[in-house]
Amino acid sequence: MMQNVPGFSELLAGAQHSAVHLEMRDSYGIAGEAAEFAEFKRSGIHPDVDPESEGWAGWVSMVRAAVARGVVMRRARIVSEPVSDYIRYEHAGTVVNIAAGELVRWLPRRRASDIALPGNDFWVFDGRVVRFNHFTGEGASAGPEMCEDPTVAELCAAAFEAVWERAVSHEEYTI
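Figured I'd write up the structure that's included with this text.

**Remarks on helix α5 (residues 150–166)**
In an α-helix there are 3.6 residues to a turn, and that puts residues three or four apart on one side.
Move 1: Spanning 17 residues, α5 covers 25 Å between terminal C-alpha atoms, matching the ideal 24 Å at 1.5 Å per step.
Move 2: Where α5 is concerned, the buried positions are Val152, Ala153, Cys156, Ala159, Phe160, Val163 and Trp164. Along the axis of α5, the buried positions cluster into a sector of 135°, meaning they face one direction only. Projecting away from the buried face of α5 at angles above 90 degrees are the exposed residues Pro150, Thr151, Glu154 and Glu165.
Move 3: Packed against the buried residues of α5 are β1 (18–23), β2 (72–79), β3 (103–108), β4 (121–125), β5 (129–135) and β6 (141–147).
Move 4: Between the side-chain oxygen of the N-cap and the backbone nitrogen of Thr151 there are 2.8 Å, and the N-cap of α5 in question is Asp149.

Here is the structure:
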């Protein structure tokens, strides 16, 4: 595994065919989302679901550029049920991911028990480059790690595909 990790935007810009993301935590503690998440918990309404807003501008433009190049972006989330407040927040904001061009599915954790899963969330680019996302116990980012080992890439790609096959599309997944 390599220590120097290119930025996400660089990895996505280099993708030619696919970028898949598997999320497996029920809660994240990302500092940049704290105020928005707190507002969501107070009101029950996601404060920013406009893909054209300043808050989403960087993400939406990156995804749209990748999709325009022919990159298929898919995101799957494994979630415990009943879902956490954070998952409700993510679910409410997923309309932006979809508007940008991502495909998103949800898999209840009980339906994932027999799938061999890596220990960390990850992205796989073009089936060959893996970027693991590490988190602290409180859900804060603990930094990424990149791996180009074909065996690891194959494991992650297979895990993602197994989850994707069972998962429910965002439009059909209700919480």
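After that view of the structure, there is still more to cover.
**Topic: the pairing of β6**
Move 1: Sheet topology places β5 next to β6; five bridges connect them, and they run antiparallel. Within β6, the position partnered with Arg131 by the bridge is Met146.
Move 2: Hairpin geometry of β5 and β6 is characterised by an intervening segment of five residues between the two adjacent antiparallel strands and by a positive phi of about 95° at Gly139.

Criteria and thresholds
- Residues numbered from 1 in each chain as written.
- Predicted model: local features only at pLDDT ≥ 70, side-chain atom pairs only at ≥ 80, totals over all residues.
- Heavy atoms only, no water.
- Helix = DSSP H or I, 4+ residues; strand = E, 2+ residues; numbered from the N terminus.
- Expected span 1.5 Å × (residues − 1).
- Buried < 20%, exposed > 50% of the residue type's maximum accessible area, 1.4 Å probe, protein only.
- Arc of directions from axis to C-beta.
- Contact = heavy atoms within 4.5 Å.
- Polar contact = N/O pair within 3.5 Å; in protein donor to acceptor, adjacent residues only side chain to side chain.
- Pairing = 2+ DSSP bridges.

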